[in-house]
Amino acid sequence: MPELPEVETVASELTQVLKNKKVKAVKVHEPKTVNFLVRDFEKKLKNKIIKKVWRRAKLLVIEFEEGLYIAAHLKMTGQFLYQSNNNKLTGGGHPEDFYLQKIPSKFTRVEFALTDGSHLYFNDIRKFGWLKLFSKKDLEEFLKNMQYGPEPLEKDFTAEYLFEKIKNRNVPIKPLLMDQKLIAGIGNIYAAEVLFKAGIDPQKKANVLTKIEVKKIYQAIVSILKLAVKYKGTTADNFADIFGQAGNYIKKLKVYGRKDQSCLVCGSKLKEIKQAQRTTVFCPKCQR
DNA sequence: CAATCGTCCTGCGGGC
DNA sequence: TGCCCGCAGGACGATT
């Protein structure tokens, strides 16, 4: 669920609130969430100062002084929630906003107390998410092993790159767009949205796509991801930003989660299929 | 190289 | 009303 726009939102907000703050204490409630023995993980982070938080693919990286890093993956249900020293989550009180999880809750896997009295919580219902503590060298090694493809909003991601990489691939285009080694950061929601915007059937094999079709896909990737970042992502399930606010791109979704509803362009019935054990919704008339 | 399945985990919704 | 089943999905490893 959290894909590039959601993770980007969390990274930039975390940088805003955590920059130059010092860790007072860490509590790990779920040992399997972290890559060290609980007491070691807690000890290594004590008194460390946070420099910034950034994103690579769907990975969040919290950078500390002295070359220490936490790489975090939210997987499906992970959330970072921030509570400043004197108030609760901002919430907002709009009923449509989101159901706010109480923090800490039974889903709080790791909590960070900062010396200014604020707290950061890593919540995760399904325990797929993780926090890995790395030295600079370990982080570089880890990222190298991941073999992430280019960032879709950076200059090295081009229509030509995309065409060259997929022109010989005899696989359906939709699951391919979710391959992190091809492009970093696209998941099930945005892959579906991109192909709708580009007017391409998700079942179409990559190696039959023309240069023009690939260019349409490329343009859809860039424009949709940019807009989704601007909207602070999509809350289709339980994504929230660090203040517990839902992402607004859900209002812009054209196909994801709209099985059997009518196409917003042509009015025909949207169809749901399974591809590589993932659901894909598309318009059989608009996407060919 | 491609396709598929199992795994991790829990809440929720559909069906009866 | 209540219970069971299966779905949701990011990413990796194993198998065919």
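Refer to the structure printed above.
Since we're looking at a predicted model, the values are computed, not measured. (Residues numbered from 1 in each chain as written. Chains lettered and ligands numbered in written order. Predicted model: local features only at pLDDT ≥ 70, side-chain atom pairs only at ≥ 80, totals over all residues. Heavy atoms only, no water.)

Comments concerning the overall build of chain A
When you go through chain A residue by residue, the secondary structure sums to 7 helices and 10 strands. What you see for chain A is a C-alpha radius of gyration of 20 Å, in line with the 19 Å of a compact globule of 288 residues. Principal-axis analysis of the C-alpha atoms places the extent of chain A at approximately 55 × 45 × 30 Å. Here chain A, with 288 residues, has 50% of them falling under the buried criterion. (Helix = DSSP H or I, 4+ residues; strand = E, 2+ residues; numbered from the N terminus. Rg over C-alpha atoms; globule rule 2.2 N^0.38 Å. Buried < 20%, exposed > 50% of the residue type's maximum accessible area, 1.4 Å probe, protein only.)

A short note on the protein's contact with DNA strand B
As a matter of local geometry, DNA strand B sits amid K32, K106, F107, I125, R126, K127, F128, R169, N170, V171 and Q277. Contact distances for DNA strand B include 2.7 Å between a phosphate oxygen and a side-chain N or O atom of R169. Between a phosphate oxygen of DNA strand B and a main-chain N or O atom of N170, the distance comes to 3.0 Å. By residue class, the composition of the surface near DNA strand B is 4 nonpolar, 2 polar and 5 charged. (Near = heavy atom within 4 Å. Polar contact = N/O pair within 3.5 Å; in protein donor to acceptor, adjacent residues only side chain to side chain. Nonpolar A, V, L, I, M, F, W, Y, C, P; charged D, E, K, R; others polar.)

Overview of the side chain of E151
Within the secondary structure, E151 sits in the loop between α3 (136-146) and α4 (159-166). Among the polar contacts made by the side chain of E151, one reaches the main-chain amide nitrogen of A57 at a distance of 2.7 Å.

A look at the layout of surface pockets
Rolled over the atoms, a probe as big as a water molecule pinpoints where empty space is left. Here the largest pocket defines a volume of roughly 600 Å³. Along the wall of the largest pocket there are 26 residues; nearest its centre are M1, K58, M76, M178 and R278. Counting residues per element, the ones that place at least two in the lining of the largest pocket are α5 (173-177), α6 (188-198) and β10 (278-282). A breakdown of the residues in the lining of the largest pocket according to their chemical character gives 12 nonpolar, 7 polar and 7 charged. (1 Å grid on protein atoms, 1.4 Å probe; cavity = no way out; pocket = protein on both sides within 12 Å on 5 of 7 lines; lining within 4 Å. Points joined across faces, edges and corners; volume = space filled by probe spheres on them.)

Focus: the sheet that holds strand β8 (residues 130-135)
Ordered in space as β2-β3-β4-β8, the 4 strands form an open sheet in which the pairing is antiparallel. Only two strands of the sheet have a single partner each, and these edge strands are β2 (50-56) and β8. In this sheet, neighbouring strand axes are inclined to one another by 20° on average, regardless of whether the strands run parallel or antiparallel. In the sheet, strand β4 (residues 68-73) pairs with β8 via 6 bridges, with the strands oriented antiparallel. By the bridge assignment for β8, H73 is matched with W130. Sheet strands in contact with helix α1 (residues 4-18) are β2 and β3 (59-64), and its direction is about 175° off that of β2. (Pairing = 2+ DSSP bridges. Axes fitted to C-alpha atoms, helices over the stretch in contact; angles between N-to-C directions. Contact = heavy atoms within 4.5 Å.)

As for the protein's contact with DNA strand C
Neighbouring DNA strand C are 15 residues; M1, K58, R126, M146 and K274 lie closest to it. Sugar plus phosphate, as a fraction of atoms of DNA strand C within 4 Å of the protein: 60%. Residue K274 places a side-chain N or O atom 2.3 Å away from a phosphate oxygen belonging to DNA strand C. At a separation of 3.1 Å, a base nitrogen of DNA strand C approaches a polar side-chain atom of R278. When grouped by side-chain class, the residues that make up the surface near DNA strand C number 6 nonpolar, 4 polar and 5 charged.

Remarks on the sheet that holds strand β7 (residues 119-124)
Spatial ordering of the open sheet is given by β1-β6-β7-β5, a layout of 4 strands whose pairing is antiparallel. Each end of this open sheet is capped by a strand with a single partner; those strands are β1 (23-28) and β5 (78-83). If you compare each strand with its neighbour and ignore which way they point, the axes differ by 15° on average. Pairing analysis gives 6 bridges linking β5 to β7, with the strands arranged antiparallel. Bridging from a neighbouring strand, Q83 pairs with H119 of β7.

Remarks on the pattern of salt bridges
A complete count under the given rule lists 10 salt bridges for this structure. With a shortest N-O distance of 3.7 Å, K232 and E13 are connected by a salt bridge. Placement of the pair is K232 in the loop between α7 (211-230) and β9 (271-275) and E13 in helix α1, with a sequence separation of 219 residues. By relative accessible area, which is 4% here, E13 ends up buried. Between R55 and E151 there is a salt bridge whose closest N-O contact spans 2.8 Å. Remark: E151 occurs in the loop between α3 and α4 and R55 occurs in strand β2; sequence separation between them is 96 residues. (Salt bridge = Lys/Arg side-chain N within 4 Å of Asp/Glu carboxyl O.)

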